[in-house]
Amino acid sequence: MDYNWDFASVFVYWNVLAMGLWATFKLFIICSTLGLGGGLFMGMLRYSKTRWISYPAMLYVEVFRNTPVLVQIIWFFFALPVVTGIEVSPMMAAVLGITLNTIAFSAEVFRGGIQSIEREQWEAGKAIGMSYAQSMRRVILPQALKRMLPPLTSRGIEVFKMSTLASVVAYPETLQQAKLIASYEYNPIEAYTVVALMFFIVLLPLVQLTYMLERRFGKSDA
Amino acid sequence: MTNAVEIRGLRKSFSDLEVLKGIDLDVAEGEAVVLLGSSGSGKSTLLRCINFMEEPTAGQIRLNGDLIGTEQGGRMRYHEADLCKLRTRIGMVFQHFNLFPHMTVLENVMEGQTIVLGRSKAEAKDKAMTQLLRVGLEMKAEEYPARLSGGQKQRVAIARALAMDPEVMLFDEVTSALDPELVGEVLKTMLQLAEDGMTMVCVTHEIGFAYHVANKVCFLHDGLILEQGAPQFVLQTPETQRVRDFLAGHSLFKLPN
Ligand SMILES: Nc1ncnc2c1ncn2[C@@H]1O[C@H](COP(=O)(O)OP(=O)(O)OP(=O)(O)O)[C@@H](O)[C@H]1O
Ligand SMILES: [Mg+2]
């Protein structure tokens, strides 16, 4: 019961942790940007009325939604080089796993958002001479995006936390750096506690920001 | 003189359900035509074929003399780009208004002008305000649709269609979703339009409106026009029992104020 907490042995490595946090941010920014942007694109394909476009998109979505990201990262790191002969760095494997998974997730959010807009809105656009693309861009997407914002922002937060999965291929993000410290100093309890606190301190304000965003954008048509 | 709308042998089927079975209809320029008929008789479908929201299965439609589509091997072929262009020449107003909720009233009325017709913002705004004034809603220009009453929403929808300078206006039961006390303001707007010489085709259950405003009344039954003519004839001395029965179920000749 009387465990001797020794946080000092973690804090002397603050620069190692700082580098880890920076790498976490890098993963987060790359994966969420590519994931959400790619998701919009994939969602459109998924929504397409042409079967040879929507079916492959559906297959993609189902494959990536129904396999664990952790396994995907491991697979990209170890199996992809064997299959393709291309060297895959830890960073690349992590980016691939998290991004492709996020694309699959947000594609479904986009498709659901677009489908949630009433048929009448399409008709109104059509009746004033809008093409499919014009209706989509000017009428449907602006309304759909508003409805998609809550699931997408919570996915963004999720991506930030998912970045820790990159430690499985030893990409030096925050958790991996903490593992390193723990293996030198035999202080895993303190090291991982600090990691949890770091995530909490970064994410709490970020989540507040998304609440503000949702309130701001949820306004006009209420 | 060419007719604003000329429909010949129009047929429309949904899979194996034939809804329109050969419609011939002329709408002269400046004329107001009212389509009557019981539920499911194909009124909406006919209206939606005129601006090609539904593609006809057979037959021909001319707008001010222009044949829509191209004939190919005995069938009409339609290209989406041509149909988009056609729809800019025909205004349509819906039962449920279908305003764009994420845009202000002014933006609603400007949207088609800038995005589809490519008018400048300034010109579009000018025309939008003119039409809003016409429907009596210029003071609501900066509001969002959610803050308007049903009658006001419908008048905005009318302004949105008018701002495109259409050659014909189509109205599909535009007062059916309104509270009774709001019906009058929309009918009055439509009456004003008719008096201004707008060519109109209206589906409505307001027999009073048909009697006082229409130049021609058409009674649809089972995918065909059963009777058509001046409202005095069709509404007061119908030839068929079907029309007599239909009219018996409606309150006659009172134009709500
Ligand atoms: N998109 C569609 N697909 C299949 N059937 C349709 C479609 N649109 C209309 N119908 C059918 O066509 C018939 C005529 O419909 P329509 O909406 O034109 O009638 P209506 O005269 O406007 O009736 P109401 O007074 O109820 O509006 C109905 O049986 C309807 O179910
Ligand atoms: Mg109808």
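Higher on the page you've got the structure.
Here the structure is a predicted model, which is why all the values come from computation and not from measurement. (Residues numbered from 1 in each chain as written. Chains lettered and ligands numbered in written order. Predicted model: local features only at pLDDT ≥ 70, side-chain atom pairs only at ≥ 80, totals over all residues. Heavy atoms only, no water.)

A.B. asks: Lay out the overall build of chain A in plain terms, naming residues and giving numbers.
C.D. replies: When its secondary structure is counted, chain A shows nine helices and zero strands. When the helices and strands of chain A are placed in sequence order, the string is α-α-α-α-α-α-α-α-α. Among the 222 residues that make up chain A, the fraction classed as buried is 46%. At a minimum sequence separation of 6, the contacts of chain A that also span at least 24 residues come to 75%. For chain A, the accessible surface area stands at approximately 12000 Å², while carbon and sulfur atoms represent 70% of it. Between the centroid of the 18 positive side chains of chain A and the centroid of its 14 negative side chains there is a distance of 15 Å. (Helix = DSSP H or I, 4+ residues; strand = E, 2+ residues; numbered from the N terminus. Buried < 20%, exposed > 50% of the residue type's maximum accessible area, 1.4 Å probe, protein only. Contact = heavy atoms within 4.5 Å. Areas by Shrake-Rupley, 256 points an atom, 1.4 Å probe, with all protein chains shown as cover. Lys, Arg positive; Asp, Glu negative; His and termini not counted. Charge placed at Lys NZ, Arg CZ, Asp CG, Glu CD.)

A.B. asks: So, the packing of aromatic side chains: which residues are in play, and what are the values?
C.D. replies: Residues and elements named next belong to chain A. Enumeration over the complete set of coordinates arrives at twelve aromatic pairs over all chains. Considering the side-chain rings of Tyr 3 and Trp 5, the 5.3 Å spacing of their centres and the 85° angle between planes classify their relative orientation as edge-to-face. With a centroid separation of 5.5 Å and an interplanar angle of 80°, the aromatic rings of Phe 160 and Phe 199 are classed as edge-to-face. Of this pair, Phe 160 sits in helix H7 (residues 132–162) while Phe 199 sits in helix H9 (residues 188–217); the two residues are 39 residues apart in sequence, bridging distant segments of the chain. Each member of the pair Phe 160 and Phe 199 is classed as buried. (Phe/Tyr/Trp six-rings, centres within 6.5 Å; stacked < 30°, edge-to-face > 60°.)

A.B. asks: Can you explain the site of ligand 1? Please cite residues and give values.
C.D. replies: All names here are of chain B. Around ligand 1 sit Phe 14, Leu 17, Val 19, Ser 38, Ser 39, Gly 40, Ser 41, Gly 42, Lys 43, Ser 44, Thr 45 and Glu 173, and that is every residue in its neighbourhood. Separating an oxygen atom of ligand 1 from a backbone N or O atom of Gly 40 is a distance of 2.8 Å. The side chain of Ser 44 places a nitrogen or oxygen atom 2.7 Å from an oxygen atom of ligand 1. Coverage of ligand 1 by the protein chains reaches 59% of its 640 Å² of free accessible surface. Looking at the shell around ligand 1, the elements with two or more residues in it are strand E2 (17–27) and helix H1 (43–50). Broken down by element, the residue count for the shell around ligand 1 peaks at three residues, all from H1. In terms of residue class, the shell around ligand 1 is made up of three nonpolar, seven polar and two charged. (Near = heavy atom within 4 Å. Polar contact = N/O pair within 3.5 Å; in protein donor to acceptor, adjacent residues only side chain to side chain. Nonpolar A, V, L, I, M, F, W, Y, C, P; charged D, E, K, R; others polar.)

A.B. asks: Please set out the side chain of Asp 172 of chain B residue by residue, giving values where relevant.
C.D. replies: Residue and element names in this part refer to chain B. Its location among the elements puts Asp 172 in strand E9 (residues 168–172). Arg 48 provides the closest opposite charge to the buried, unpaired Asp 172, separated from it by 6.2 Å. Residues in contact with Asp 172, not counting those within four places in the same chain, are Ser 44, Leu 47, Val 93, Phe 94, Gln 95 and Val 203. (Salt bridge = Lys/Arg side-chain N within 4 Å of Asp/Glu carboxyl O.)

A.B. asks: Go over unusual backbone geometry, please, and point to the residues and values.
C.D. replies: Residue and element names in this part refer to chain B. Of note, Phe 97 is a non-glycine position whose phi angle comes to about 65°, a positive value. Looking at the element boundaries, Phe 97 is found in the loop between strand E8 (90–93) and helix H3 (105–116). Its relative accessible area of 13% is what places Phe 97 among the buried residues. Positive phi, close to 45°, is recorded for Glu 173, a residue that is not glycine. Note on placement: Glu 173 falls in the loop between E9 and helix H6 (180–195).

A.B. asks: If you had to explain the state of the cysteines to someone new, which residues and values would you point to?
C.D. replies: In this structure the tally under the stated criterion is zero disulfides over all chains. In this structure Cys 49 of chain B is not part of a disulfide, and its nearest cysteine sulfur, from Cys 218 of chain B, lies 15 Å away. (Disulfide = S-S within 2.5 Å.)

A.B. asks: How would you sum up the pairing of strand E11 (residues 216–221) of chain B? Please name residues and give values.
C.D. replies: All names here are of chain B. In terms of burial, E11 is a largely internal element, five of the six residues being buried. In terms of strand pairing, strand E3 (residues 32–36) meets E11 through four bridges, oriented parallel. Each residue of the ladder has a partner; that of Val 34, found in E11, is Val 217. Sheet topology places E11 next to strand E12 (residues 224–229); five bridges connect them, and they run antiparallel. Directly across from His 221, in E12, lies its bridge partner Leu 224. Counted between consecutive antiparallel strands, the loop separating E11 from E12 contains two residues, among which Asp 222 sits at a positive phi close to 55°. (Pairing = 2+ DSSP bridges.)

A.B. asks: Can you tell me about the interface of chain B and chain A, naming the residues and giving the values?
C.D. replies: On the side of chain A, 20 residues touch chain B, which itself brings 22 residues to the contact. Each partner contributes to the roughly 1900 Å² buried at the junction of chain B and chain A, and carbon and sulfur atoms together form 62% of this total. Linking chain B with chain A are two salt bridges, by the criterion used here. Here Glu 123 of chain A and Arg 48 of chain B are joined by a salt bridge, their closest N and O atoms 2.9 Å apart. Elements supplying a minimum of two residues to the side of chain B that touches chain A: helix H2 (80–88), E8 and H3 of chain B. Looking at which element gives the most residues to the side of chain B that touches chain A, the answer is H3 of chain B, with four residues. (Buried area = accessible area lost by both parts, 1.4 Å probe.)

A.B. asks: Quick one: what's the story with the sheet that holds E8 of chain B, residue by residue and with numbers?
C.D. replies: Residue and element names in this part refer to chain B. Overall, mixed pairing links the six strands, which are arranged E8-E9-E10-E3-E11-E12 in an open sheet. Among the strands making up the open sheet, the edge pair consists of E8 and E12. The mean angle between the axes of side-by-side strands here comes to 20°, regardless of whether they run parallel or antiparallel. (Axes fitted to C-alpha atoms, helices over the stretch in contact; angles between N-to-C directions.)

A.B. asks: Explain the nonpolar core to me, and be specific about the residues and the numbers.
C.D. replies: Counting residues in each nonpolar core, the largest one holds 50 residues, and the members touching the most others are Leu 132, Ile 158, Met 169, Phe 171, Met 190 and Met 200 of chain B. With seven residues, H6 of chain B is the largest single contributor of residues to this core. If sequence neighbours within four positions are ignored, Met 190 of chain B has contacts with Ile 158, Phe 171, Val 174, Met 200, Cys 202 and Phe 209 of chain B. In this structure, Val 16, Ile 73, Phe 160 and Val 195 of chain A belong to the second largest nonpolar core, which totals 43 residues. (Core = buried A, V, L, I, M, F, W, Y, C linked by side-chain atoms within 4.5 Å.)

A.B. asks: A description of the pattern of salt bridges should follow, citing residues and the corresponding values.
C.D. replies: All names here are of chain B. Throughout the structure, instances matching the rule amount to 19 salt bridges over all chains. The shortest N-O distance in the salt bridge between Glu 167 and Arg 89 comes to 2.6 Å. Taken together, the residues Glu 167 in the loop between helix H5 (150–162) and E9 and Arg 89 in the loop between H2 and E8 connect sequence positions 78 residues apart. Where Glu 185 meets Arg 155, a salt bridge forms, and the shortest distance between an N and an O atom there is 2.5 Å.

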